[in-house]
Amino acid sequence: MEEKKGFFKRLVEGLSKTRANIVAGIDSIFSGFSSIDDDFYEEIEEILVMGDLGINATTAIIEDLKAKVKEQKIKEPSECKQLLIDSIKEQMDVGETAYEFENKQSVVLVIGVNGVGKTTSVGKLAGKLKDQGKKVILAAADTFRAAAGEQLTEWANRAGVDIIGGQEGSDPAAVVYDAVASAKARHADVLLCDTAGRLHNKKNLMNELGKINRVLEREYPEAYRETLVVLDGTTGQNALAQAREFSEIADITGIILTKLDGTAKGGIAVAIHSELGIPVKYIGVGESIDDLQKFNADEFVNALFNVQTPAN
Ligand SMILES: Nc1nc2c(ncn2[C@@H]2O[C@H](COP(=O)(O)OP(=O)(O)OP(=O)(O)O)[C@@H](O)[C@H]2O)c(=O)[nH]1
Ligand SMILES: [Mg+2]
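Here is what the cut-offs are and how they apply
- Residues numbered from 1 in each chain as written.
- Chains lettered and ligands numbered in written order.
- Predicted model: local features only at pLDDT ≥ 70, side-chain atom pairs only at ≥ 80, totals over all residues.
- Heavy atoms only, no water.
- UniProt positions renumbered as here; feature names shortened; annotations may be inferred.
- Core = buried A, V, L, I, M, F, W, Y, C linked by side-chain atoms within 4.5 Å.
- Buried < 20%, exposed > 50% of the residue type's maximum accessible area, 1.4 Å probe, protein only.
- Domains from an automatic or database assignment.
- Helix = DSSP H or I, 4+ residues; strand = E, 2+ residues; numbered from the N terminus.
- Expected span 1.5 Å × (residues − 1).
- Pairing = 2+ DSSP bridges.

Within an unreviewed UniProt entry, the label attached to the protein reads Signal recognition particle receptor FtsY, and the organism entered is Robinsoniella peoriensis. Here the protein is described in UniProt, under the heading Function (unreviewed entry), as follows: "Involved in targeting and insertion of nascent membrane proteins into the cytoplasmic membrane. Acts as a receptor for the complex formed by the signal recognition particle (SRP) and the ribosome-nascent chain (RNC)." Database annotation for the protein, UniProt heading Subunit (unreviewed entry): "Part of the signal recognition particle protein translocation system, which is composed of SRP and FtsY."

See below:
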């Protein structure tokens, strides 16, 4: 509870620029319009699109808002605020089953382009799972970037979990092979695999992921599979484009959206979910080990609009 409160507060702080970007504009529409008309809806629409929520989500939200206004016979623009908040929440419900891997024997492949926060997120996730009493092993399958292994080793030490690595330049699939053997021998609950971010070229990426996937299928068929794409929240629409590209070459089961602290583009969380149907499962709001949390639509939208969640 203590920790959750702290995180919500940090989330509220982290989203302050996004809030300034979206909510301030919306509030001025709610107070500036005296009646609910087409202009009113158009202005809200524009702010949501500018706030990186994406065309899909925005259209759905506006349609939903219109239906609710009609149904509840609402006349005052100011009364629309809560309806709008509810509509945004409905766009991004992740559902109960999203975190099944946490309670199963599982292997989590963490992929994403250069510098988005893969290694950091693997480290944070390891810390979280370890705190839940899980036996976690890390696979340092980024053998490309110099010092990537050392960086992950630091995280393994911080989280208090084991790590399996390979030499720089060695085959990432071989590292995964060794890590699977170790996960089996040590009866690990979760094997987290960090990967290299430089494979921006689609063909290389597909080859490498294909190889890793074949190792996992062959050597560890009993493990529940999770493939998470890490996206940098500060890059807005670019993050959405990356998610789309990865979804074309891998069976993505979820997104980790990082660097939501201090970005004005936090609305992208809504867009990713709505445009691609891929749930945002975790969000990062800082560089330390506690700065990763499960994504909770209610909490996120409350933080965005700075309304208190009753339970917190
Ligand atoms: N502010 C902030 N910084 C973050 C967050 N997540 C990661 N970072 C920072 O982003 C930088 C890159 O993080 P890495 O974890 O090394 O990213 P990566 O995807 O592994 O990078 P490559 O392995 O080079 O592809 C580091 O300085 C991290 O501290 C976050 O949620 N908030
Ligand atoms: Mg890395």
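Here the narrative resumes, following the displayed structure.
### So, the nonpolar core
The biggest cluster of nonpolar side chains holds 103 residues, and the ones touching the most others in it are Leu 191, Leu 192, Leu 257 and Phe 300. Two domains share this core, each providing at least three of its residues, namely domain 1 (1-91) and domain 2 (100-300).

### Remarks on helix H6 (residues 118-131)
The first and last C-alpha atoms of H6 sit 20 Å apart over 14 residues, in line with the 20 Å expected at 1.5 Å per residue. The element H6 is largely enclosed, with a buried count of 11 among its 14 residues. For H6, the set of buried residues is Lys 118, Thr 119, Ser 121, Val 122, Gly 123, Lys 124, Leu 125, Ala 126, Gly 127, Lys 128 and Leu 129.

### Examining the pairing of strand E7 (residues 280-284)
Of all five residues that make up E7, five are buried, and the element is covered over most of its length. Examined bridge by bridge, strand E6 (residues 254-258) and E7 share three bridges and lie parallel to one another. Within E7, the residue paired with Ile 255 across the bridge is Val 280. Direction of pairing for E7 relative to strand E8 (residues 292-294): antiparallel, over a ladder of three bridges. Looking at E8, one finds that Ile 283 is bridged to Gln 293.

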